[in-house]
Amino acid sequence: MNDQADDDKENAEESTNRRDFLQIATYTVGGVGAGMAAWPLIDSINPPADVLSLASSEIDISSIKVGQSVTVMWRGRPVFVRHRTDSEIKEAKAVPMESLPDPESDEDRTQKAEWLIMVGVCTHLGCIPNGQRETDPKGDYGGWFCPCHGSHYDSAGRIRKGPAPTNLEVPPYQFLDDTTVKIG
Amino acid sequence: MNFYKNIVLPIHDWVDYRLPVFSYVRKNLVDYPTPKNLNYWWNFGALLGITLMTMIVTGIFLAFNYTPHTELAFASVEHLMRDVNYGWLIRFMHSSGASMFFILVYVHMFRGLYFGSFKTPRELLWIIGVAIYLAMMATAFMGYVLPWGQMSYWGATVITSLFSAIPIVGDTLVTWIWGGFVIGDNTLMRFFVVHYLMPMIIVLLVFFHLWALHSHHSNNPLGVDMKTPADSIPFHPYYTIKDLLGLGVFLTFYLTFVFFAPDYFGHPDNYIEANPLVTPAHIVPEWYFLPFYAILRSIDDKLLGVIAMFSAVSILFVLPWLDRGRVRSAKFRPIYRQFFWLFVADCFLLGYIGAQSAVEPFVTIGRLAAAYYFAHFLIIIPLVAKFERPLEPPESINAGVLEAQTKKGA
Amino acid sequence: MGVNLKASLLGSILMLLVLGGLPINTAYGAGDSVKLEKQDWSFSGIFGTYDRGELKRGYQIYSEVCAGCHSLEYLAYRNLEEIGFSVTEIKEIAAEYEVEDGPDDEGEMYMRPARQSDKFVSPFANEKESRAANNGAYPPDLSLMSKARKNGPDYIYGLLTRYKDEVPEGMEIADGMSYNEVYPGQQIAMVAPLEDGTVEYTDGTKPTMQQHAKDVTTFLTWAASPEMEERKRLGIKVILFLVIWTAMLMALKKKIWAKLH
């Protein structure tokens, strides 16, 4: 009689264990499925393919004369592409690091000295600095001047005076050949 | 064990004392007494709830990418299909999901008709259900306009123009709905807003629907209400696992369409951008509206056709008063059962007719089928309820279950 | 289940099958119920994929034969990467076309070569210009043609291959129209665009009219449903997952309900 009771108890326990395993397994598999189902929703608000296709812009720089600046759009923001003169280059290289609020050498900001490529957005609060046109105010350092709060950038686009904390951002770029630059 | 006793339980008690969510869930979803003899036709309510949530979630993510302007709507849907990560998946889940929603609701409603779930004391439960159905129809109608395909535009034009049949105010009403002389930007924008809004109303109605359900508990295949604890089992774990199983089967069905036949329920013409100057050869609504479309067209008079169409849905509201027979379930009503299946066949026939052009023999068949539809509710049901000799249902659910078991055993 | 219920259920299912077999879809696009010949497509079935050779040749046919009149406005040149073109090749293809850009600093709009990110350039600026150039007929955009007709691929293939010189008895073909067995109304404004050798293939495939039609139909089906291969791949995984999970649920349900007896 004891054996029967023991057997029953054993069976009940066994079936409980089996059910627990099946239960855990089923709910785990379900949970995994639900998690995998969430991914497409989350990924759907990442940048779509057409936005990503505009991640880089190729610029033809052959027509930009020495001393001329051109503004191109890249990822929705203006980029200043300047073909610098020799005097601008010399000036930029002569600036001592100690006088820079955001020390950065001219070599670190350019791949080819005569081409200065920077995002034309003031690092203070996001206005677009003046200085692309010949007739624009260029600030006290011969580069760019932001009219919003008076930040002055030099001929390498570095902040010299004013509230902007850092130099104008240099985007990732590469020269595909002598006449084409790929930004981004 | 310490974690549970020292952290989880105190938090549980603290929250529950102030806002009894946990007790509420326990009462209504765990311990909740449910008839122990429910069959798989009772799975459809839960499936509807899950489908509603799926439609809302996919709808929100679609809305992130949709532009409700006539010049941009169609292109925004293509942008979603081609450029947005998994945009095609969300779109197809939403479009096929709508069809699933209606398949489920029709089965759910037919279950109610068969087993007498609309009878006292569940009249309000049924009425709220019909209100949900109407809200679903409005939502689906407006949603179909949004992709701005040929069927979107012309289906919307045809159906909204129906309101002009109303005497005196008809034309003003239609112009007011359109916000212009034809369906245009204003119409599209407001349809988008209302399409987004209606599901919130549906959720509110579902809340009342479930509240009404829980006051007298579910019906069951025998149509005999629970009387003693022997008649019921707790909702959890029995019906939670059964509902999950139903979900697994349903998802397999649903997603087979999404992945392998995503355009099955749709119409090729809706892949052509709306053109107000070109009318498609055959304007048809989505399949779930076809029976009502057939009823609309069965009457030559424009106004009477509109009245017939709306009556076909609204007659459902008064069903509890058309059929006041004592015995609920068709299981014990052999005469009613035959007419029930005839009615189902009539609905399918009406659906088929709705898809055909308005030529013979479809016109005549459609008229007969529409007449039969109303006859079923207005003549057959009351007469059968009055004169039918039903079989005697068992004393209780428990008695019924035992009876069935002994019969099977023998 | 009672006998009556079973019988009624069976009856309903039978009726469904019968109705399913009937031409329910006469209202759904085929119009004059033209008999389309079912073709063998590489992309049919749950394991179907787009044959890359057909896609590339199909694009060649589109660009050499169709693009003169038919736009493909929902495709971008960058999409051609899926067909097998390299980024450099795509840049070259795009640069052959011009798109309007601007305004420049003078306020003028100007033309520039297309980039990979641009959409396919349309042959005409708008529908009116298209009609003016085509005797009032409007060559429709082809981006979604494969989905915008019932049995789209078979329809396109049939339309391209079933122009007939011999017109049936008693039928009047209007001026400037051609007789086509598949096109609704059997009269089409488009002159037969394909014949044997219309396009020169560089991969050794025999350039018959049927091959041209097959290739361009596959290309257009890809253009309408670029997501198809990913969709089917993911679908197989999802359905497999669901079948397994449902089986587990069935076992668990039986286990739990066994407690009641």
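One can find the structure itself at the top, above this paragraph.
Presented here is a report on the structure given in the accompanying data block. (Residues numbered from 1 in each chain as written. Chains lettered and ligands numbered in written order. Predicted model: local features only at pLDDT ≥ 70, side-chain atom pairs only at ≥ 80, totals over all residues. Heavy atoms only, no water.)

### A closer look at the overall build of chain C
Looking only at helices and strands, one finds 7 helices and 4 strands in chain C. When the elements of chain C are put in sequence order from the N terminus, they spell out α-α-α-β-β-α-α-β-β-α-α. Burial statistics for chain C: of 261 residues in total, 40% are counted as buried. Partitioning the contacts of chain C with sequence separation of at least 6, the portion at a separation of at least 24 is 61%. (Helix = DSSP H or I, 4+ residues; strand = E, 2+ residues; numbered from the N terminus. Buried < 20%, exposed > 50% of the residue type's maximum accessible area, 1.4 Å probe, protein only. Contact = heavy atoms within 4.5 Å.)

### Let's talk about the interface of chain A and chain C
Chain A puts 15 residues into the contact, and the matching count from chain C is 13 residues. Between chain A and chain C, the buried area comes to about 1400 Å², and carbon and sulfur atoms account for 68% of it. Counting the contacts that link chain A with chain C gives 1 salt bridge. For Glu58 of chain A, the salt bridge identified is with Lys91 of chain C, shortest N-O distance 2.7 Å. For the interface between chain A and chain C, the tally reads 4 residue pairs in polar contact (both at pLDDT 80 or more). (Buried area = accessible area lost by both parts, 1.4 Å probe. Salt bridge = Lys/Arg side-chain N within 4 Å of Asp/Glu carboxyl O. Polar contact = N/O pair within 3.5 Å; in protein donor to acceptor, adjacent residues only side chain to side chain.)

### Digging into the sheet that holds strand E6 (residues 151-154) of chain A
Residue and element names in this part refer to chain A. Taken together, 3 strands build an open sheet; the order of strands is E5-E6-E7 and the sheet is antiparallel. Unpaired on one side and paired on the other, strand E5 (142-146) and strand E7 (159-161) mark the two borders of the sheet. Across the sheet, the mean angle separating the axes of adjacent strands is 35° when strand polarity is ignored. Judged from the 2 bridges that link them, E6 and E7 form a sheet pairing that is antiparallel. (Pairing = 2+ DSSP bridges. Axes fitted to C-alpha atoms, helices over the stretch in contact; angles between N-to-C directions.)

### Focus on the state of the cysteines
Residues and elements named next belong to chain A. All chains considered together, the criterion is met by 1 disulfide over all chains. Cysteine Cys122 is unpaired, with the sulfur of Cys146 as its nearest cysteine sulfur at 3.8 Å. On the accessibility criterion, Cys122 (4% relative accessible area) is buried. (Disulfide = S-S within 2.5 Å.)

### Section: the interface of chain B and chain C
Opposite the 54 residues of chain B that make contact, chain C presents 51 residues. Carbon and sulfur atoms supply 70% of the area that chain B and chain C bury against each other, a total of about 4600 Å² over both sides. Applying the counting rule to chain B against chain C returns 1 salt bridge. The shortest N-O distance in the salt bridge between Arg78 of chain C and Asp83 of chain B comes to 3.0 Å.

### Digging into the packing of aromatic side chains
Using the criterion set out here, one finds 57 aromatic pairs over all chains in the structure. Ring plane angle 85° and centroid distance 5.2 Å describe the contact between Phe343 of chain B and Phe377 of chain B, whose orientation is recorded as edge-to-face. Here Phe343 of chain B is found in helix H14 (residues 334-355), whereas its partner Phe377 of chain B is found in helix H15 (residues 362-387), with 34 residues between them in sequence. Ring pairs connect the aromatic residues Phe102, Tyr106, Tyr133, Phe253, Phe257, Tyr264, Phe265, Trp287, Tyr288, Phe289 and Phe292 of chain B, which therefore count as one cluster. Across from the ring centre of Phe175 of chain A, 4.3 Å away, lies the NZ or CZ of Lys112 of chain A, which sits over that ring. Between Lys253 of chain C and the ring centre of Trp257 of chain C, over which it is positioned, the NZ or CZ distance is 4.9 Å. (Phe/Tyr/Trp six-rings, centres within 6.5 Å; stacked < 30°, edge-to-face > 60°. Lys NZ or Arg CZ within 6 Å of the ring centre and 35° of its normal.)

### Some points on the pattern of salt bridges
Applying the stated criterion across every chain, the model contains 31 salt bridges over all chains. Close ionic contact of Lys119 of chain B with Asp323 of chain B constitutes a salt bridge, the shortest N to O distance being 2.9 Å. Of the two residues, Lys119 of chain B sits in the loop between helix H5 (87-115) and helix H6 (123-145) while Asp323 of chain B sits in the loop between helix H13 (319-322) and H14, which places them 204 residues apart along the sequence. Between Glu127 of chain C and Arg131 of chain C there is a salt bridge; the shortest N-O distance is 3.0 Å. Taken as a pair, Glu127 of chain C and Arg131 of chain C lie in helix H4 (residues 127-133) at a separation of 4 residues, close to a single helical turn. According to the relative accessible area criterion, Arg131 of chain C is partly exposed, its value standing at 32%. Ionic contacts of the salt-bridge type, sharing partners, join the residues Arg84, Lys93, Asp106 and Glu107 of chain A into one network.

### Brief notes about a nonpolar patch on the surface
A cluster of nonpolar side chains, contributed by Phe3, Tyr4, Ile7, Val8 and Ile11 of chain B, occupies part of the molecular surface with about 500 Å² of accessible area. The class of Phe3 of chain B is exposed, set by a relative accessible area of 57%. (Patch = residues over 30% accessible without salt bridge, like charges linked within 9 Å, V, L, I, M, F, W, Y side chains within 5 Å. Areas by Shrake-Rupley, 256 points an atom, 1.4 Å probe, with all protein chains shown as cover.)

### So, the sheet that holds strand E2 (residues 69-74) of chain A
Residue and element names in this part refer to chain A. One open sheet holds the 3 strands; their spatial order is E2-E3-E4, and the pairing between them is antiparallel. One side of each edge strand has no neighbouring strand; the edge strands of this open sheet are E2 and strand E4 (115-119). Between one strand and the next, the sheet's axes are offset by a mean angle of 20°, whatever the strand orientation. Strand direction decides the pairing type here: E2 and strand E3 (residues 77-83), joined by 6 bridges, are antiparallel. Bridging from a neighbouring strand, Thr71 pairs with Phe80 of E3.

### Here's the deal with the packing of helix H3 (residues 44-63) of chain B against H5 of chain B
Residues and elements named next belong to chain B. At a minimum axis distance of 9 Å, the contact between H3 and H5 shows a crossing angle of 155°. Between H3 and H5, the angle falls in the class roughly antiparallel. Considering the relative orientation of H3 and H5, their crossing is left-handed. Residues Phe44, Gly45, Leu47, Leu48, Thr51, Leu52, Thr54, Met55, Thr58, Gly59, Phe61 and Leu62 of H3 pack against Ile90, Arg91, Met93, His94, Gly97, Ala98, Phe101, Leu104, Val105, Val107 and His108 of H5. For the contact of H3 with H5, a count of residues per class yields 14 nonpolar, 8 polar and 1 charged. (Parallel < 35°, antiparallel > 145°, perpendicular 65-115°, else oblique. Left-handed = near helix turned anticlockwise from the far one by under 90°. Nonpolar A, V, L, I, M, F, W, Y, C, P; charged D, E, K, R; others polar.)

### As for the environment of Lys91 of chain C
Position of Lys91 of chain C among the secondary structure elements: in helix H3 (residues 87-95). Considering only alpha carbons, one finds Lys91 of chain C and Ser143 of chain C, 52 residues apart in sequence, at a separation of 21 Å.

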